[in-house]
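Listed here are the chains, written in short residue letters.
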Amino acid sequence: MSQFLQVLLSGLATGSIYALAAIGFALVWQAAQTVNFAQGEFVMVPAFFVLIGMGFFGMPFWLALAFGLALSMLVLGYAFKKLIVEPILPHGGITLIIATMALAILLKETVKESYSAEAQPFPALFSNAPMNFFGAAVSIQDILNLIVSLSIVVVLTLFLNRTRTGRSMQAAAQNPAVAEILGVNVKRMVLYTFLINAALASLAAFLITPVYLAKFSNGETIGLIAFIAAIVGGFNQIRGALVGGLLIGVLDNLTATYVTAQYRAALPLVLLIMIILVRPQGIMGTSEGRSV
Amino acid sequence: MLELRNLVGGYGKITILNGVSFSIPKGTITTMIGPNGAGKSTVFKAIFGLLKIESGNVLIDGQDVTRQTPRQMIAHGVTYVPQGRNIVPQLSVYHNLELGGVTAPDQDKVKQRIETVMDQFPMLREFRNRKAVELSGGQQKQLEVARALLLDPKLILIDEPSIGLSPVLVQEVFKTLIRLRDQGVTILMVEQNAKAALAMSDYGIVLELGQTRMHDKASNLLVDPRVGQLFLGGHVEEASPADAH
């Protein structure tokens, strides 16, 4: 029982970080009706911004985190929207999807060539010491990662549903034509969405990189799992992305512990196929309509 | 109240409006009619800053508001209810109403206005927490009209309010518009159901090929044989300059 609890909590912790990246897929889908296949790299790059802040500018870790977050919002939020999404979107969603694939390669190769091809250690936000949780030995890092990730999702949900700006963002996503005639600044709301996506990706990076180490290829795994999590949960719902992320994190850990670790990488793909066959709109998704 | 002077404009390189001119007085209902493609909805979009105006002017109470943004037009007291479904589907009825006042600096006042508007449309109070997408077509149209009233507009541009509604609900919407007119609001409407719309209007405008062909009292247009001819597939032959004023 204690082992099950340990595996479950560890899975939830990892899954909640996947969920942050998966929510980014949902947000960008709502705002621009496109899939950002560079989302995994968006989680990989901020860790290197932090390392640059510490290594090149001599910043203390916490300041480097703030630097990494700000730079990510500027580059992966603002510049991504202005330089890639806005010019390419009028040429069609598929064109933009292909552009994000190219961007993923560009980011990966740039980090590899300009920083290092080797995995870099990344300071942990929280202690990795074990603690007793109802008889199970669970790492403090896992518990705090889970709490921080879920708190971020709760804050984001409250922002979108309880504030006027959040509801304006929903209006801009669900019916941009109506939002415009009501006086909502649709372009600004879309920009906010991209900035939030970049911030979520950065926070996911800060939580997961201490475990995975900072490596140029991290985005491949994280991007694929987050993409599958978003589809499994329901691509047009934030809560769907959360459920998808948690589900994959937990199933991955349970399978590795109780079945086999050999095929754990195949599990998300099996889950994806099952969901597409049984419930193509995802567990929480709706077959039509857009909402954030 | 609203005056258009020789308005020319369209979508990209395609010109739809070829010199639309008319003026409508305050506190009246004016219905714009014309065959498909005449440019009726385009006139609304041009007034509201949603498409390119090549030349001409839009004036409100004598003030030139040509090429202003929707946000600026709202500040001038103009609201626009386009045809079709114009709700934010996943937001509640209350929050859809609230969006009607999103540009207002005083949000406490918006909350008070929502209560006033819900008094006028009791159905909205009943369903205030329901998602807008869960309302019927007629209820959604009422929500749109109510939302348009939130900032106490001087001028409402309403496009095809009867589309998709049952005859009973059409009468309800028309009654609402008459009530607003009686309160001093100016209404410019496009309506396919021309006879019914003209019957409840003060003035009528006939638009054809992006130009004003006729502009007269609605009661006169109702009995004008040229209007019937226009809607039977012909075009207005004898529109004198005096008709288009």
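Being a predicted model, the structure only gives us computed values, none of them experimental.

(A) Representation of the overall build of chain A. From N to C terminus, chain A includes 11 helices and 2 strands. Counting from the amino terminus, helix and strand elements in chain A follow one another as α-α-α-α-β-β-α-α-α-α-α-α-α. A compact globule built from 292 residues should have a C-alpha radius of gyration of about 19 Å, and chain A, at 19 Å, falls within 12% of that. Over its C-alpha atoms, taken along the principal directions, chain A stretches across nearly 60 × 50 × 35 Å. A fraction of 74% describes how many contacts in chain A between residues 6 or more apart in sequence connect residues 24 or more apart. Surface exposure of chain A reaches about 12,600 Å², of which carbon and sulfur atoms provide 68%. In chain A, 14 side chains carry a positive charge and 10 a negative one; their mean positions are 12 Å apart.

(B) Inspection of the pairing of strand β2 (residues 14-24) of chain B at higher detail. Residue and element names in this part refer to chain B. The pairing of strand β1 (residues 2-11) with β2 spans 8 bridges and is classified as antiparallel. Across the sheet, L7 pairs through a bridge with V20, a residue of β2. Linking two consecutive strands that pair antiparallel, namely β1 and β2, is a turn of 2 residues; a positive phi of about 60° is found at G12 within it.

(C) Main features of the sheet that holds strand β8 (residues 186-190) of chain B. All names here are of chain B. The 6 strands lie next to each other as β6-β7-β8-β3-β9-β10, forming an open sheet whose pairing is mixed. Since the sheet does not close on itself, it has two edges, and those belong to β6 (78-81) and β10 (211-217), each with one partner. For this sheet, the mean inter-axis angle between neighbouring strands, taken without regard to orientation, is 15°. Bridge analysis of strand β3 (residues 29-33) against β8 gives 4 bridges, and the strand direction is parallel. Across the sheet, M32 pairs through a bridge with V190, a residue of β8.

(D) Focus on the sheet that holds strand β4 (residues 52-60) of chain B. Sheet architecture is open: 4 strands sit in the order β2-β1-β4-β5 (chain B), paired in antiparallel fashion. Taken across any chain shown, the strands that pair with only one partner, and hence form the sheet edges, are β2 and β5 (63-64) of chain B.

Criteria and cut-off values
Residues numbered from 1 in each chain as written. Chains lettered and ligands numbered in written order. Predicted model: local features only at pLDDT ≥ 70, side-chain atom pairs only at ≥ 80, totals over all residues. Heavy atoms only, no water. Helix = DSSP H or I, 4+ residues; strand = E, 2+ residues; numbered from the N terminus. Rg over C-alpha atoms; globule rule 2.2 N^0.38 Å. Contact = heavy atoms within 4.5 Å. Areas by Shrake-Rupley, 256 points an atom, 1.4 Å probe, with all protein chains shown as cover. Lys, Arg positive; Asp, Glu negative; His and termini not counted. Charge placed at Lys NZ, Arg CZ, Asp CG, Glu CD. Pairing = 2+ DSSP bridges. Axes fitted to C-alpha atoms, helices over the stretch in contact; angles between N-to-C directions.

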